[in-house]
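Summary of the model geometry
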Amino acid sequence: MDTTAYLEAVVEQAGTFADWVDGRDATTPVPTCPKWTLADLVDHVGSTQRMVAMLVGGRMTEPSQAFAGYVPAPADPAQWRAWLTGTAAEAKQAFDAADDDTPVWDPSGGAAGVPFWSRRLFGEACVHRADAAAALGERYELAPEIAVAAIDDWLDTMTSRGYWENQPGFSDAMRGDGQTLHFHASDAPGEWLARREPDRIALEHSHIKADVAVRGPATDLLLMISRRRPMSAATGLEVHGDRALLDHWIGNMDWVTGD
């Protein structure tokens with residue numbers, strides 16, 4: 001997927017998300033994000049879309065102005081659909097006017113902010129729609145190829161140099177001496193090998209025997225890797241090898257360490 005395809009998917013996912021949450025009870029708990037209500041989830045999704053639109057549209061190489069531009073979601077759930085689809089449209093418009101080499105702040109530690117944020121918004125849309133589905137009892141579906149792309153985003157971001165350096169709790173927990181985990185989508189091309197090293201997690205796309213391997217439909221893999229579905233409920237996945245290593249990995253694969 002390229003930047004254009006990512007943003008088209010963001011608009012589509014945001015539209016479905018907006019339809020689901022429109023007019024719903026703002027106090028509904030979100031079981032996959034235990035500290036959040038539905039209002040918190042809506043606010044996070046829409047404000048992130050708006051912040052990224054500001055970053056890319058303003059060609060910002062430093063994020064403070066975008067952070068300062070935070071505007072909360074409307075208090076009235078009847079206004080959520082228009083706000084969410086509007087912030088997604090703002091993001092797409094900003095990316096449409098930028099090139100992939102436009103200088104934009106990249107928290108992963110790389111130097112390609114536009115491609116990073118196009119993929120990151122896409123990953124956010126996919127995973128947080130799963131949160132909305134869990135909160136509202138909606139059926140969650142993704143095309144296998146889309147789920148593979150979302151797994152790419154999650155793993156690439158969580159194993160990036162920027163995340164490692166800025167989340168000391170995560171890096172302390174995930175240091176290793178070569179332990180390997182292999183994830184393999186069974187319904188679309190997608191394989192990932194993660195190796196825990198002393199100073200990083202090395203991620204590659206390859207089929208190599210690992211200490212633990214997980215294989216199954218890409219959507220099930222995404223929900224497991226992103227901690228949206230526990231392994232006990234992931235009946236479509238096969239695990240071979242060191243289950244304790246997998247449990248440790250999943251236990252520490254969170255955006256905010258220590259939770």
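Each chain has its residues counted from 1, following the order in which its sequence is written. For a predicted model such as this one, the threshold for reporting local features is a pLDDT of at least 70, and the threshold for listing and counting side-chain atom pairs is 80 or more; totals across whole chains, interfaces and linings nevertheless cover every residue. To obtain the side-chain values, all non-hydrogen atoms of the structure were included, while hydrogens and water were left out.

1. Considering the overall build of the protein
The helix count covers DSSP runs of H or I at least four residues long, the strand count covers runs of E at least two residues long, and both are numbered beginning at the N terminus. Across its full length, the protein carries 10 helices and five strands. Each radius of gyration is computed over the set of C-alpha atoms, and the globule rule expresses the reference value as 2.2 Å times the number of residues to the power 0.38. For 259 residues, the compact-globule estimate of 2.2 N^0.38 gives 18 Å, and the C-alpha radius of gyration of the protein, at 18 Å, lies within 12% of that figure. When the backbone C-alpha atoms are referred to their principal axes, the protein occupies close to 50 × 40 × 35 Å. The contacts in the protein between residues at least 6 apart in sequence include a share of 68% that link residues at least 24 apart. Side chains of the protein carry 21 positive and 39 negative charges; the gap between the two charge centres is 3 Å. For this analysis, residues touch if any pair of their heavy atoms sits within 4.5 Å. His is not counted, nor are the chain ends, whereas Lys and Arg count as positive and Asp and Glu as negative. Charge positions are represented by NZ for Lys, CZ for Arg, CG for Asp and CD for Glu.

2. Details of the sheet that holds strand E3 (residues 200-204)
Any two strands with at least two DSSP bridges between them are considered paired. Across the sheet, which stays open at both edges, the five strands sit in the order E3-E2-E1-E4-E5 with mixed pairing between neighbours. A strand with exactly one partner marks an edge of an open sheet, and here the two such strands are E3 and strand E5 (238-241). Taking each pair of neighbouring strands and ignoring which way they run, the sheet shows an average axis angle of 15°. Examined bridge by bridge, strand E1 (residues 179-185) and strand E4 (residues 212-216) share five bridges and lie parallel to one another. Each bridged residue has a counterpart across the sheet, and for Leu181 the counterpart in E4 is Val212. Only C-alpha atoms enter the line fits that serve as axes; for helices the fit covers just the stretch in contact. Angles between N-to-C directions range over 0 to 180 degrees. Contacts from helix H6 (residues 144-158) reach E1, strand E2 (191-197) and E3, with the element oriented near 10° to E2. Of the strands in this sheet, E1, E2, E3, E4 and E5 touch helix H10 (residues 243-252), which is tilted by about 80° from E1.

3. Notes on the pattern of salt bridges
We count a salt bridge whenever a side-chain nitrogen from Lys or Arg sits within 4 Å of a carboxyl oxygen from Asp or Glu. In the structure shown here, the tally under the stated rule is 15 salt bridges. Measuring nitrogen to oxygen at the nearest pair gives 2.7 Å for the salt bridge that ties Asp220 to Arg229. Buried means the residue's accessible area, taken with a 1.4 Å probe over protein chains only, is under 20% of the maximum for its type, while exposed means over 50%, and partly exposed covers the values in between. On the basis of relative accessible area, Asp220 is assigned to the buried category, the value being 15%. Connected via shared salt-bridge partners are Arg119, Arg120, Glu124, Asp153 and Asp156.

4. Description of the domain arrangement of the protein
Looking at the assigned domains, one finds that the protein contains domain 1 (3-140) and domain 2 (166-252). Distance between the C-alpha centres of domain 1 and domain 2: 26 Å. Domain 1 puts seven residues into the contact, and the matching count from domain 2 is five residues. Between domain 1 and domain 2, the buried area comes to about 500 Å², and carbon and sulfur atoms account for 68% of it. The buried area of a pairing is the accessible area, by a 1.4 Å probe, that goes missing from both parts when the two are put together, added over both. Summed over the three residues of domain 1 that lose the most area to domain 2, namely Thr32, Val127 and Tyr140, the buried surface amounts to 72% of that side. The domain limits used here are those given by an automatic or database domain assignment.

5. Some remarks on the packing of aromatic side chains
The aromatic pairing rule takes the rings of Phe, Tyr and Trp, using the six-membered ring of Trp, and pairs them if the centres are within 6.5 Å, calling planes under 30 degrees apart stacked, those over 60 edge-to-face and the rest tilted. Applying the stated criterion to the full structure yields seven aromatic pairs. Here the aromatic rings of Tyr6 and Phe122 are separated by 5.2 Å at their centres, their planes lie at 45°, and the arrangement is tilted. Of this pair, Tyr6 sits in helix H1 (residues 3-21) while Phe122 sits in helix H5 (residues 113-136), and the two are 116 residues apart along the sequence. For Phe122, a relative accessible area of 0% translates into the label buried. Between Trp164 and Phe170 the ring centres are 6.3 Å apart and the planes differ by 85°, which places this aromatic pair in the edge-to-face class.

6. What to know about the UniProt feature "domain: Mycothiol-dependent maleylpyruvate isomerase metal-binding" (unreviewed entry) in the protein
UniProt positions are given in the numbering used here, feature names are shortened, and annotations may be inferred rather than shown by experiment. Following the UniProt record, one finds the feature "domain: Mycothiol-dependent maleylpyruvate isomerase metal-binding" (unreviewed entry) at residues 9-133. Between the end C-alpha atoms of residues 9-133 there is a gap of 17 Å, over a span that is 61% helix and 0% strand.

7. A closer look at the nonpolar core
Think of a nonpolar core as a cluster: buried Ala, Val, Leu, Ile, Met, Phe, Trp, Tyr and Cys residues, connected wherever their side-chain atoms sit within 4.5 Å. With 78 residues, the main nonpolar core has Val21, Leu84, Phe183, Met224, Leu246 and Trp249 as its most contacted residues. Here this core gets 12 residues from one element, more than from any other, and that element is H5. The residues that make up this core include at least three from each of domain 1 (3-140) and domain 2 (166-252). The residues contacting Leu84, other than those within four sequence positions of it, are Phe17, Ala18, Val21, Val42, Val45, Gly46 and Gln49.

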